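Notes for the structure review
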Amino acid sequence: MNTDRKPVAFGDLRGWLKALDAAGELQRVEGEVDWNVELGTIARLAQGAGTGPALLFNNIRDYGANARCRQVFTGGLSNARRVAMMMGLSPDAHPRELVKVGRHLLNGSVPPKIVPTGPVKENIVKGDDIDLTEFPVPQWNRSDGGRYILTYGGVVTKDPDTDVMNVGVYRGMIADKNTIPILMWRAQHIGHHVTAWQQKGHKEMPIAVAIGWEDSLSFVAGSPVPKGLCEYDVIGAVRGAPVELVKGETVDLYVPASAEIVIEGYLGIDPDSYVMEGPFAEITGYYAGDRSPKPAIRVTCITHRKDPIFRGTIEGSMPGSFSENGTCSSIMRAATAWNVLDRAGVPGVTDVWCPPVQAGVNIVVQIKQSYRGQAKQVANALWGSSAGHVRYKLVTVVDDDIDIHDYAAVDWAIAYRVNAGEEDIVIMPGTFGLGLDPSTRKRDRNTSLYGTGKWNRVLIDATMNLDYDPDPDFGGARFPPLVTPAPDDIAAAKKRWSELGLDKKK
Ligand SMILES: Cc1cc2nc3c(=O)[nH]c(=O)nc-3n(C[C@H](O)[C@H](O)[C@H](O)COP(=O)(O)O)c2cc1C
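Attention in this report is confined to the structure presented alongside it. (Residues numbered from 1 in each chain as written. Predicted model: local features only at pLDDT ≥ 70, side-chain atom pairs only at ≥ 80, totals over all residues. Heavy atoms only, no water.)

Next up on the list: the sheet that holds strand β3 (residues 71-74). Strand order in this open sheet of four strands is β1-β2-β3-β20, and the pairing throughout is mixed. In this open sheet, the two strands that pair with only one neighbour each are β1 (26-29) and β20 (309-311). Each neighbouring strand pair of the sheet contributes to a mean axis angle of 20°, computed without reference to strand direction. Bridging between β3 and β20 involves three bridges; their strand directions are parallel. Its bridge partner lying in β20, Val72 is registered against Phe310. (Pairing = 2+ DSSP bridges. Helix = DSSP H or I, 4+ residues; strand = E, 2+ residues; numbered from the N terminus. Axes fitted to C-alpha atoms, helices over the stretch in contact; angles between N-to-C directions.)

This is the structure we're talking about:
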């Protein structure tokens, strides 16, 4: 691959913080901040539209000198510059470059290395000593159902037949000192595992969560890595070195040896054991994911480093405020889609982008058309892939003269190349989809009943319609010529620019 990528193994969260600091990307907050709503409010306001710094809160109310944990880190990946750094690219790399590199990384594999022990074993807490509230877990938003301890951790589970582990990001709330109900959808890989363990007659499934390590952990765990490929292998590819893993104390699962905090336990997969969870300020920017009984982790052990740093994230992108998930999704959901299209054999894809404000729920694909129906092939491939489960609701396809990183260009193509009467708008009703989307009726978002959400998907084919006849009046093209002046006319006008006083501000 043609790129100047220099993969970096930062070592752990602390190494990543050092790199961010050196790059001027880290803001330390030394004044006392309340974990209860204030920290989350600051995090949301600070993130901006992909412009905010990473934040390290060093002074948290109720978590002073003698606390088990005293610091909270958030926002590590809330702008494209830091995602570029994580990928081993220049912070100035264009997001288009990140998508291209992301494609390569998400297919990569450097297998992990098992080591006997590591810093995460410096403290081991079991039994009655377990108390999740000893960590400065924020009440991120006032109307959240509780304190969300799992927002950006790597949740590890395994397939009971193959033993292949999966690492995903799934939200989880403190219900009491050793119980964490989580949001689990059947169509996610953790859901596949739940189904497999249930079919074997189990009522619980082993689970471990690594909180705080190199941010590639959260980035990759939040990405739809193909089933059967373990995220640890992909993280190894991102950092160019194997992830060192240690075995859990109470579960047969592996976690990064230098993680800040690891929570081990068993996930109750018998509906009778479900625990109330939600609501939560979600990816959509709405309070979604209503309060309902969910599978819960019965925590059996916590291991952590000396003076551990808690890692979390504020969810929910909105105009003017992009979350880490929104920023990362804009890159890896586009990269994933491009790989899906490649694997499906869709030719002519020249660019793919998911603007961060909607985290890849909608996607724009640029193609060089060579035959009729190519845009529909794009949409069908995306909607038929497992990666399309919680993304790609609205697919816009444009020609290769449209810069898909320019909203105005895409909007212009939609205005003048889309004709609903010519099959340019296609609706695919009743598909699986994001159970958090408020545009779906509430009853259709009942994931306990249906296993997942429900989306009616839309293709906007904003390419020039190849069904139209080539027009001799347009020199054999299907669309009229653009009003852009001819190159000679432009050159002649530019020559007179200064003589006519057009280079001076009025
Ligand atoms: C901050 C954040 C929170 C997320 N919360 C959830 C969640 O609660 N439940 C869920 O199924 N997916 C959630 N996701 C999305 C999954 O992490 C993502 O779809 C990932 O691909 C899942 O891993 P898997 O492909 O191995 O299933 C979240 C992602 C991020 C980045």
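Glancing now at unusual backbone geometry. Residue Pro279 follows Gly278 across a cis peptide bond; omega there is -5°. You can see Pro279 is positioned in the loop between β15 (275-277) and β16 (280-281). Backbone geometry at Asp62 places phi at a positive 75°, although glycine is not the residue there. Relative to the elements of secondary structure, Asp62 occurs in the loop between β2 (54-57) and β3. The exposure class of Asp62 is exposed, given its relative accessible area of 58%. In this model, Asp163 sits at a positive phi of 70°, which is unusual for a non-glycine residue. By the element assignment, Asp163 lies in the loop between β7 (154-158) and β8 (165-168). Classification of Asp163 as partly exposed rests on a relative accessible area of 46%. (Buried < 20%, exposed > 50% of the residue type's maximum accessible area, 1.4 Å probe, protein only.)

It is at 9 Å that the axes of helix α8 (residues 324-343) and helix α9 (residues 374-383) come closest, and there the two elements cross at 110°. Looking at the two axes, α8 sits roughly perpendicular to α9. Only Val378, Ala381 and Leu382 of α9 make contact with α8, whose side of the interface consists of Ala337, Val340 and Leu341. Class assignment for the residues of the contact of α8 with α9 results in six nonpolar, no polar and no charged. (Parallel < 35°, antiparallel > 145°, perpendicular 65-115°, else oblique. Contact = heavy atoms within 4.5 Å. Nonpolar A, V, L, I, M, F, W, Y, C, P; charged D, E, K, R; others polar.)

The five strands are arranged β21-β22-β23-β25-β24 in an open sheet whose pairing can be described as mixed. The open sheet has two edge strands, β21 (349-353) and β24 (425-433), and neither has a second partner. When the angles between neighbouring strand axes are averaged without regard to direction, this sheet yields 20°. Strand contacts of α8: β21 and β22 (362-367), with the helix running at about 150° to β21, the strand carrying the most contacts.

Once that is clear, we can look at the pattern of salt bridges. What the rule picks out here adds up to 36 salt bridges. Where Lys294 meets Glu277, a salt bridge forms, and the shortest distance between an N and an O atom there is 2.6 Å. With Lys294 in strand β18 (residues 292-294) and Glu277 in strand β15, this pair connects stretches of sequence that are 17 residues apart. Classification of Lys294 by relative accessible area gives buried; the value is 6%. Its salt-bridge partner being Asp290, residue Arg445 comes within 3.7 Å of it at the nearest N-O pair. Separated by 155 residues along the polypeptide, Arg445 in the loop between β24 and α11 (447-450) and Asp290 in the loop between β17 (287-288) and β18 bring together distant segments of the chain. (Salt bridge = Lys/Arg side-chain N within 4 Å of Asp/Glu carboxyl O.)

A surface patch of nonpolar side chains, amounting to about 360 Å² of accessible area, comprises Trp412, Tyr416 and Leu482. Following the sequence through the fold, Leu482 ends up in the loop between β25 (453-462) and α12 (487-495). Assessed through its relative accessible area of 52%, Leu482 is described here as exposed. (Patch = residues over 30% accessible without salt bridge, like charges linked within 9 Å, V, L, I, M, F, W, Y side chains within 5 Å. Areas by Shrake-Rupley, 256 points an atom, 1.4 Å probe, with all protein chains shown as cover.)

Taking 1.5 Å per residue, 12 residues should reach 16 Å; helix α4 (residues 95-106) reaches 16 Å between its end C-alpha atoms and fits that length. Of all the residues in α4, the buried ones are Leu98, Val99, Val101, Gly102, Arg103, Leu105 and Leu106. Buried positions along α4 lie against α3 (80-86), α7 (231-239), α8 and β21. (Expected span 1.5 Å × (residues − 1).)

Bringing the site of the ligand into the picture now. Taken together, 20 residues lie near the ligand, and Asn166, Val169, Tyr170, Arg171 and His189 sit nearest. Contact between the ligand and Glu231: an oxygen atom at 3.2 Å from a side-chain N or O atom of the residue. The side chain of Arg333 places a nitrogen or oxygen atom 3.1 Å from an oxygen atom of the ligand. For the ligand, the protein covers 95% of the area, taking 620 Å² as the surface of the free molecule. Sorting the residues of the shell around the ligand by element identifies β8 and α8 as the ones contributing at least two each. Considering only residue class, the shell around the ligand consists of seven nonpolar, nine polar and four charged. (Near = heavy atom within 4 Å. Polar contact = N/O pair within 3.5 Å; in protein donor to acceptor, adjacent residues only side chain to side chain.)

Turning next to the pairing of strand β19 (residues 296-304). It is a general feature of regular strands that their side chains alternate between the two faces of the sheet. With eight of nine residues buried, β19 lies mostly within the body of the structure. Bridging between strand β5 (residues 123-126) and β19 involves four bridges; their strand directions are antiparallel. Each residue of the ladder has a partner; that of Lys126, found in β19, is Cys301. The pairing of strand β10 (residues 179-181) with β19 spans three bridges and is classified as antiparallel. Counted as the bridge partner of Ile180 is Ile297 from β19. Inspection of the sheet shows strand β14 (residues 261-268) paired to β19 by seven bridges, in the antiparallel sense.

What follows covers the layout of surface pockets. As a volume, the largest pocket reaches approximately 760 Å³. Residue lining of the largest pocket: 44 residues in total, with Val169, Gln188, Gly222, Arg333 and Val390 positioned closest to the centre. Ranked by the residues each element gives to the lining of the largest pocket, the list is headed by α8, at seven residues. (1 Å grid on protein atoms, 1.4 Å probe; cavity = no way out; pocket = protein on both sides within 12 Å on 5 of 7 lines; lining within 4 Å. Points joined across faces, edges and corners; volume = space filled by probe spheres on them.)

Note that every value here comes from positions in space, so none of it alone points to a role or purpose.
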